[in-house]
Amino acid sequence: MADSGLEGGAMGRSTTMTAVAPTQFRSLMSTFPSGVSIVTTSDLDGQPWGMTCSSVCSVAVEPPTLLVCLREGSPTLAAMVRRSTFAVNLLHARARSTADLFASGTPHRFDLVRWSVDSEAAGPHLSDDAHAIADCRISRTVRIGDHTVVFGEVFRVEHPAADVADNRSPLLYGLREYSSWSVR
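Notes on the structure follow.

Reading the values: the criteria
- Residues numbered from 1 in each chain as written.
- Predicted model: local features only at pLDDT ≥ 70, side-chain atom pairs only at ≥ 80, totals over all residues.
- Heavy atoms only, no water.
- Helix = DSSP H or I, 4+ residues; strand = E, 2+ residues; numbered from the N terminus.
- Buried < 20%, exposed > 50% of the residue type's maximum accessible area, 1.4 Å probe, protein only.
- Areas by Shrake-Rupley, 256 points an atom, 1.4 Å probe, with all protein chains shown as cover.
- Salt bridge = Lys/Arg side-chain N within 4 Å of Asp/Glu carboxyl O.
- Pairing = 2+ DSSP bridges.
- Axes fitted to C-alpha atoms, helices over the stretch in contact; angles between N-to-C directions.
- Contact = heavy atoms within 4.5 Å.
- Phe/Tyr/Trp six-rings, centres within 6.5 Å; stacked < 30°, edge-to-face > 60°.

This next bit is on the overall build of the chain. Secondary structure assignment for the chain yields three helices and 10 strands. Reading the chain from its N end, one meets helices and strands in the order α-β-β-β-β-β-α-β-α-β-β-β-β. Looking at the chain as a whole, 38% of its 184 residues qualify as buried. Carbon and sulfur atoms form 55% of the exposed surface of the chain, whose accessible area is close to 11,500 Å².

Evaluated as defined, the whole model comprises seven salt bridges. Among the salt bridges present, the one from Asp 100 reaches Arg 96, with a minimum N-O distance of 3.8 Å. Separated by four residues within a single helix, Asp 100 and Arg 96 lie in helix H3 (residues 96-104), roughly one turn from each other. Look at Asp 100 and you get partly exposed, because its relative accessible area is 35%. Taking the shortest distance from any N to any O, the salt bridge between Glu 158 and Arg 156 comes out at 3.6 Å. Look at the salt bridges and you will find they share partners, linking Asp 118, Glu 120, Asp 135, Arg 156 and Glu 158 into a network.

What follows covers the sheet that holds strand E4 (residues 56-60). Strand order in the open sheet made by the seven strands is E3-E2-E6-E7-E8-E5-E4, with antiparallel pairing throughout. Every other strand in the sheet has two partners, leaving strand E3 (48-53) and E4 as the edge strands with one partner each. Pairs of neighbouring strands in the sheet enclose a mean axial angle of 35 degrees, with direction left out of account. In this sheet, strand E5 (residues 65-71) lies alongside E4 in antiparallel orientation, the contact comprising four bridges. For Ala 60, the partnering residue across the bridge sits in E5 and is Thr 65. Each of strand E2 (37-42), E3 and strand E6 (85-91) is contacted by H3, which is oriented at about 110 degrees to E3, the strand it contacts most.

Going from Glu 62 to Pro 63, the amide bond is cis rather than trans, its omega being -10 degrees. Locating Pro 63 in the fold gives a position in the loop between E4 and E5. Phi at Leu 175 is positive, roughly 50 degrees, even though this residue is not glycine. Relative to the helices and strands, Leu 175 resides in the loop between strand E9 (171-174) and strand E10 (177-180). Residue classification places Leu 175 among the exposed residues on the basis of a relative accessible area of 59%. Residue Arg 176 is not a glycine yet carries a positive backbone phi of 60 degrees. Residue placement: Arg 176 occurs in the loop between E9 and E10. Overall, the relative accessible area of 55% leaves Arg 176 in the exposed class.

What follows deals with the packing of aromatic side chains. Under the definition given, this model contains three aromatic pairs. Note on Phe 102 and Phe 110: the rings are 5.1 Å apart at their centroids and 85 degrees apart in plane angle, and the pair reads as edge-to-face. Each member of the pair, Phe 102 as well as Phe 110, carries the same accessibility label: buried. Measuring from centroid to centroid gives 5.2 Å for Tyr 173 and Tyr 178, while their planes differ by 65 degrees, and the two rings are edge-to-face. Since its relative accessible area comes to 32%, Tyr 173 is described here as partly exposed. Chaining the aromatic ring pairs together yields one cluster made of Phe 102, Phe 110 and Trp 115.

Shown next as structure tokens:
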């Protein structure tokens, strides 16, 4: 099936549509649970940056690509774009306090958690809090409204605590609360 484009509206008819109010959109999206991650990077001086993100999506298997959506004006986004790399730390069920910390904007948040970075890492790894970590190179960015969609080609994947059952169960967020999905 070919992409028909948007010109002329649906089925070729001209239409005028207005967007829903931000509160309606937030209400809609709050009913869609998703996994919780912390997107991390380092600036060119090596200072770590990171923020909680539930807007993560797989895009393609070839090349292996995912996307994250970050707020314009975010210092994490600015550092990611300058460095051209980032890590996605997919949080496990016991990492709720870390998700809250990185969503809070607390300065020096990296002083309050254990993290590591090696010479091949695209950003700090939160191995105690993540069931999986993807290191990515930025392949494209697209600004939409007050956010930027960042496409990252995954060049390395780690499963830091795969041997501990509690650490494999992903942290989820939806209906304005945290939950988890049991892994057997």
